[in-house]
Each structure stands twice: as C-alpha cells, then as structure tokens.
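Overview (structure and organization)
Now for the letters of each chain:
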Amino acid sequence: MPELMGDDAGQAYFDAVIARDSRVEPTDWMPPEYRHALIRQMSQHAHSEIIGMQPEANWITRAPSLKRKAILMAKVQDEAGHGLYLYSATETLGITRDAMMAQLLAGKARYSSIFNYPAVTWADMGAIGWMVDGAAITNQVPLCRASYGPYARAMVRICKEESFHQRQGFEILLELSHGTPAQKAMAQDAVNRWYGPSLMMFGPPDADSPNSSQSMAWNIKRFGNDELRSRFVGMLVEQARVLELELPDPDVRLNPETGKWEHGPLDWAEFKDVLAGRGPCNAQRMERRRAAHDGGAWVREAAAAYAAKQAARAGKEAA
Amino acid sequence: MTTPQKHRNPTPFAQGDSAASATRITPGNALRPEDIALAAAEGTAHPAPEVAEYALRLGDDALVLAQRLGQWISRGPELEEDVALGNIGLDQLGHARSFLSYAGAAWGKTEDDLAYFRRESEFRSAHLFEQPNGDFAATMARQFIAASWQYPLYRELSSSSDPMLAAIAAKAVKEVDYHLDHSTQWLLRLAGGTDESRRRMAAGLDLMWPFVGELFEDDPLTAQLGDAAVVPSSLKAEFDRTTGAVLAEAGLAVPAHPMATGGGRRGRHSEHLGYLLAEMQVLAREFPGASW
C-alpha cells in the first residue's frame, strides 16, 4: 500500500518508519537517494564477496593438508553464496544482477579495496580469515539492524557464516604460531602485512567520510567508522595474545579516559592509492572477473537458448 | 539412473559428530574422514593390503578430480556454477579423504602422508581424472563420464563385504547421484543450446571419451578382491546404457575414438598429473613434518 502513496505522503510514511526504527520493505515508498545509496552499498558488498573469492581461491590447490583444503573450498563457496544472496537482495531495489555485474566490469562500481592486496603465503589464509573477515563482521553485525529489510535479513545469515570463517582463520594462525619457527615467522609476516589494510577497511576517519552521516540518519549505518575500528582493534589485541603474535603497532592502547582502543597512524595515502586503482592486484582481480564473465558468455547464452526451446516445446505440447 | 541403493549394514563407524567441524563439510551424522582416521589410529580400521590398494585407486581418482574442480572456483561461467563446481569438488575431496584415510590404515599412514608425500608413480588415479579442465564443456564431459562410472560403482560397493568400503560408498553414492544429474543437465543444455555450445560439447566428449576404457579394465587386484570390490568390467553395460540414453536425448553420437591404453592403476600416468601434484604438494613438502 505505501508504494501507491504520492511523494509527500510517501516521504512522511518513510520518515515515520525511520523515526520509530522500523524496517523499510521493497514495496514501500522510499526516497530515490535512499534507494541509490542502498544499491551502491549493497552491490559493492556483493562485488566484494565475489572479488574476495580470488585471493583465497589462489590457495585452494596448494592447501597444505586435505582438511584445510576442504575448509578453504567450503569457505570460498560460502562467499559465492553470499554474493548471490546480496545480489538478490539488491535486485529488490529495481536493478538486475546483469546490470550490477556490468557496472563492476566497467569500473563504475567498487568492491572492498582490501582484495587488491595479494595473498602470497598460506598464512595469508589465516590472516584474511582472522583480520579481514573479523573487520567485516565488526562492520556487518550492526547491519543486521539496517533499516532496509532485505539487507538486514541477508546480513543475519551472512554474519553467522562469516564468524565461522573468522574462527577458521584464527585456527590457521594458531596452528602456525605454535608450529615450527618458520611457520611462526610466516604467520607473523602475514599479520604484519594485513594489519594496516584491515584497519582501513572501516573507511576514512569520520571527519573525512562523505557518506557516513546521511547513512546514519537513515538507520543503515549504526556506528561511525572510528568507533567500529576501535572495537576491532580491541578484539585483535586480546586474540593476538592467545595467538602469541605481535600486532605491528607500538601505539595500540586502551585509553583509560574514553575506554576506547586507540591505534597508531594508518597509511591513508596508500589507502587512497589502492582505491584509485593503484594497488598491487587491482588489474589482476578485474581481469580474472572479466575473463570468467566473458569466457562464460557462451555457456549462459546456451542455457538461455535451451530454456527458450524447452518453453516453446512445452507451449506447443500444451496447445 | 535411479536404481534404488542397497543399504546393507549400518556400520559401527558411521557415528560422525556433525557439530565437530565449523564449516560443516558433512551434514547430518554421516561418516566423516575424521572418524575413519580415528578408527585407524585406534586400530579398529585395518584393511587387508589388497583392500587398501583398491581404496587407494578410488581415493586417488576422487582426489585428482577434486583438485581439478578446485581450479574452477572463481572462474565459473555463472556464480551458480562456482557454487556447484565447488560443491562437487568438496564431495569428491570428502570421498578421497575417506578412501585415503582407510587405505593409509594398512600402512600406518595418514591421508596427508598419502596425498602429499607420494611420488607420481605411486599414484593410482585413472587418466580421465587427470585431464585438464579445458572449457566448461570439456569439464562437463569429464564430469558426465566420471559420475556415470562412480554412481553404479558406489551403489554396488555399498554392498561390499568390507564394511568400511561399504560405508564410504553408501555415503558417496548419494552425492554422486547429484553430480550425475548436474552433468547430465548441462550436457543436454549445451548440446541443445546454441550451435557453438553444441560444437563445444561434442568436442569435449571427443576429448574425454578415450579415457573411458581404462575405468572398466579388470586386473589381478580386482579379481583377487572378490566380494570386497566391484569388478570394473561388470559396470560397463550399465555405463553404456545410461550414457547412451543421455547422448541419444542430446542428439549426439557416442564418440567412436579408440580407447587410450591407460595405465594409471599401475602408476603410469598422463603428462598432466605431474604438474597437478607439483602444485598440490609444494607447500606440504616445503615443511615436512609440520602440522597445519
């Protein structure tokens, strides 16, 4: 019913939904800016899942035990599932998966910059799980209460699986840090490389974050970038102790006055470089996606042609 | 294709704890490789040497195929196929781990000892599984042949006189049933889709068909095993019938190529296996004795 409202009545209805912290559903009236902001954020999230398969797929064939191979395959498969789920949720806003994929391939839609770093050792499978998935969860748990219903519900399911992934990453690092000295060094090296990029996954400091305040007013985003980053650092500190690994940041401390975790300076110039396409793997990630997409075109065309023929045949039989 | 499965003995080993693993590789309480490894360590799983040799063959087939399918992930023509090929690869990896854990019990070796620290000539995989992925049609052709062979094989093996082989097969046959359906549907779709997909599907079948013959060859080991194993040649008629029916529906001829001589069961492999093993084993061999 709310869909049929005029813009004024619709806006009033929408404002009331937001004011009582309730959910907006696909058929409800919503401001075009809200719709566009969601399409941007949700499709970026879906693309991140899909591109994020690549650094881990890089180690499936070399996983050092069959059990780890199985867990890694299951994890990467989960990510494809998350991508599918998020594309479907985004389609409820009136955009097709094909259109979103075209935006990604045209460079018009982003994915998380973190996946433009290379996964060069097995320990990266641990660090990605522990730190990258850990940061993602810190970001995503509040999204389970996002005002857009399909997004919030998708996040509930995704967060459950992500928390498995994070534990698996932790377990990989734990095994390495309690292994041979060479294994422990491999783990420490991975933590050193992924620490800064994973902290920067929360986005720029609040003062420089252009989309944050509107997103918070719409109840999509619940906490600022700096608040989430601080929570994440606190989690890392405790778990690094169990792992017996060092965080490469001498300035990490719990501020006794604010009760918040603080960290040392981050390399925002690097962040901007990677965002602008100058990361180590930007071209490689896009090329792989493009190759899979273009290389699979004949398969998708065949499936569509076959389905059309079957439908025509069924129509003829029914007639 | 839907011959009912013979459910024999509920084995004492099928007691997996579904909550034990974070990412649930095995749903429900089905037999897991970890259970078999545990039984091996406790000495309750002790295959006869010839049974172990046989399990090694089936385990190597599944392991090599899983490795091939793992190469597809993030490269599929559709996200749905990334999920499906990953799933099938995971199933095959699960079968491989079960067979290898069981085989290893005969020699005091773990699944990882066997997967990572054997030389190429010690592998027992058939050449079909070693074939490179090629395009999606070639992969589907390999899947179609593999599943059309594994389905009746595991169905019959679930009545094996060896209770562990029977238990592994009883779990595997349910999964391979799905693999057969998946590859059959794609074969029909590609054959009946566009001119290009039809040409590629026929080419994929041509590429893989020479490796059918090896799967059905009997040898002294299979003769010696009696009721514990399935006599390979006994499955050929059913394979010809089921694959023939699908190819007829697809309007494709059964490829008429001469069969390749094979030799995988004796450790004589295709040129492809060496590269596959080099990639699979590199990290484990860099850190011998390490735990992961």
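Bear in mind that the values here come from a model prediction, so they are computed numbers and not experimental data.

Let's shift gears to the pattern of salt bridges. All names here are of chain B. Taken as a whole and judged by the stated rule, the model has 29 salt bridges over all chains. Taking the shortest distance from any N to any O, the salt bridge between E34 and R32 comes out at 4.0 Å. In this structure E34 comes out as partly exposed when scored by relative accessible area, which is 27%. Here D61 ties to R265 by a salt bridge, and the two come within 2.9 Å at their closest N and O atoms. Taken as a pair, D61 in helix 2 (residues 49-70) and R265 in the loop between helix 11 (236-250) and helix 12 (272-286) lie far apart in primary sequence, 204 residues in all. The pair formed by D61 and R265 is uniform in burial state, with each residue classed as buried. If you follow the salt bridges from partner to partner, you end up with R32, E34, D35, R97 and E111 in one network.

Quick look at the confidence of the model for chain A now. Fine structural detail should not be taken from predicted coordinates in areas where pLDDT scores are low. Overall, the predicted model of chain A reaches an average pLDDT of 95, with 99% of residues at or above 70. Considering each helix and strand of chain A separately, the mean pLDDT is smallest for helix 9 (residues 212-217) of chain A, with a value of 89, and largest for helix 8 (residues 181-199) of chain A, with 98.

Positive charge collects at one region of the surface, where K309, R313 and K316 of chain A together with R198 of chain B lie side by side. Per-element accounting of the positive patch gives the leading share, 3 residues, to helix 13 (residues 297-318) of chain A. Following the sequence through the fold, K316 of chain A ends up in helix 13.

Residue and element names in this part refer to chain B. Tallying each qualifying case throughout the model produces 13 aromatic pairs over all chains. For the pair W72 and F136, a centre-to-centre distance of 5.9 Å together with 90° between the ring planes defines the contact as edge-to-face. Within this pair, whereas W72 is found in the loop between helix 2 and helix 3 (79-105), its partner F136 is found in helix 6 (residues 136-157), the two being separated by 64 residues in sequence. In this pair, the class of W72 matches that of F136, namely buried. A ring pair is formed by F216 and F239, whose centres lie 5.0 Å apart and whose planes are at 55°; its orientation type is tilted. Taken together, the positions of F216 in the loop between helix 9 (212-215) and helix 10 (220-225) and F239 in helix 11 put the pair 23 residues apart, joining distant regions of the chain. The same class applies to F216 as to F239, namely buried. Directly above the ring of F123 sits R118, whose terminal nitrogen or CZ lies 4.0 Å from the centroid. Taking the ring centre of F216 as reference, the NZ or CZ of K236 above it sits at 5.8 Å.

The next thing to look at is the environment of H45 of chain A. Residues and elements named next belong to chain A. Here H45 lies in helix 2 (residues 32-51). A relative accessible area of 10% means that H45 is categorised as buried. When the C-alpha positions of H45 and A318 are compared, they lie 43 Å apart, and in sequence the two are 273 residues distant. Beyond its immediate stretch of four places on either side in the chain, H45 contacts L86, Q140, Y151 and M155.

A few words on the packing of helix 2 of chain B against helix 3 of chain B. All names here are of chain B. One way to put it is that helix 2 packs onto helix 3 with a least axis distance of 7 Å and a crossing angle of 155°. If you check the angle between helix 2 and helix 3, you find them roughly antiparallel. Handedness of the helix 2/helix 3 crossing: left-handed. Mapping the contact onto sequence places V51, A52, A55, L56, L58, G59, D60, A62, L63, L65, A66 and L69 in helix 2 and L85, I88, G89, Q92, L93, H95, A96, F99, L100, Y102 and A103 in helix 3. Counted by class, the contact of helix 2 with helix 3 contains 18 nonpolar, 4 polar and 1 charged residues.

Glancing now at helix 7 (residues 163-191) of chain B. Residues and elements named next belong to chain B. Helix length check: helix 7, at 29 residues, gives a terminal C-alpha distance of 41 Å against a target of 42 Å (1.5 Å per residue), a fit within 8%. Roughly 30° is the biggest bend found in helix 7, and it falls at V173. Of all 29 residues making up helix 7, 22 are buried, and the element is well covered by its neighbours. In this structure D162 caps helix 7, since a side-chain oxygen of it lies 3.1 Å from the backbone nitrogen of M164.

At the junction of the two partners, chain A supplies 48 residues and chain B supplies 52 residues. Approximately 4400 Å² of surface area, both sides summed, lies buried where chain A meets chain B, with 67% of it carried by carbon and sulfur atoms. The tally of links between chain A and chain B comes to 2 salt bridges. Across the chain A-chain B interface, the total number found is 16 residue pairs in polar contact (both at pLDDT 80 or more). Among the elements that line the side of chain A that touches chain B, the one with the most residues is helix 4 (residues 66-91) of chain A, at 14 residues. For the side of chain A that touches chain B, the per-class residue count stands at 28 nonpolar, 9 polar and 11 charged.

Conventions adopted
Within each chain, residues carry numbers counting from 1 in the order of the written sequence. Each chain is given a letter, starting from A, and each ligand a number, starting from 1, according to the order in which they appear as written. Where local features are concerned, this predicted model is filtered to residues with pLDDT of at least 70; where side-chain atom pairs are given and counted, the filter is 80 or more; whole-chain, interface and lining totals use all residues. Side-chain measures were taken over the full set of non-hydrogen atoms in the model, leaving aside hydrogen atoms and water. Should a side-chain nitrogen of Lys or Arg be within 4 Å of a carboxyl oxygen of Asp or Glu, the pair is scored as a salt bridge. Exposure is judged per residue with a 1.4 Å probe applied to protein chains only, and the accessible area is read against the type maximum: over 50% gives exposed, under 20% gives buried, and values in between give partly exposed. Put simply, DSSP H or I for four residues or longer makes a helix, DSSP E for two residues or longer makes a strand, and each gets a number counted from the N terminus. pLDDT measures the predictor's confidence residue by residue and takes values from 0 up to 100. Each patch is built from residues that are more than 30% exposed by relative accessible area and take part in no salt bridge. Like charges join if they lie within 9 Å; nonpolar side chains (Val, Leu, Ile, Met, Phe, Trp, Tyr) join within 5 Å. Surface accessibility in these figures is a Shrake-Rupley result with a 1.4 Å probe; residues are shielded only by whichever protein chains are displayed. Charge assignment in this entry is limited to Lys and Arg as positive and Asp and Glu as negative, and neither His nor the chain termini are counted. Think of each charge as sitting on NZ of Lys, CZ of Arg, CG of Asp or CD of Glu. For Phe, Tyr and Trp, where Trp contributes only its six-membered ring, two rings pair if their centres lie within 6.5 Å, and the inter-plane angle classes them as stacked under 30 degrees, edge-to-face over 60, or tilted in between. The rule for a charge over a ring is simple: NZ of Lys or CZ of Arg within 6 Å of the ring centre, and within 35 degrees of the ring normal. The contact criterion used is simple: two residues touch if any of their non-hydrogen atoms lie within 4.5 Å. A fitted line through C-alpha atoms serves as each axis, taken over the contacting stretch for helices, and the angle formed by two N-to-C directions is quoted from 0 to 180°. Angles are sorted into four bins: roughly parallel if under 35 degrees, roughly antiparallel if over 145, roughly perpendicular if 65 to 115, and oblique for all others. Helix crossings are classified by the rotation of the near helix relative to the far one: an anticlockwise turn of less than a right angle makes the crossing left-handed, while a clockwise turn makes it right-handed. Under the scheme applied here, ten amino acids are nonpolar (Ala, Val, Leu, Ile, Met, Phe, Trp, Tyr, Cys and Pro), four are charged (Asp, Glu, Lys and Arg), and all others, including Gly, are polar. A helix's residues, less one, multiplied by 1.5 Å, set its expected span. Note that bend, as reported per residue, equals the angle between axes fitted to the 7 residues terminating at that residue and the 7 residues originating from it. Each polar contact in these results corresponds to two N or O atoms within 3.5 Å; when the atoms are within protein, one needs to be able to donate a hydrogen and the other to accept it, and residues that are neighboring in sequence are counted only if both atoms are side-chain atoms. Put simply, buried area is the surface a 1.4 Å probe can reach on two separate parts but cannot reach once they are joined, added for both.

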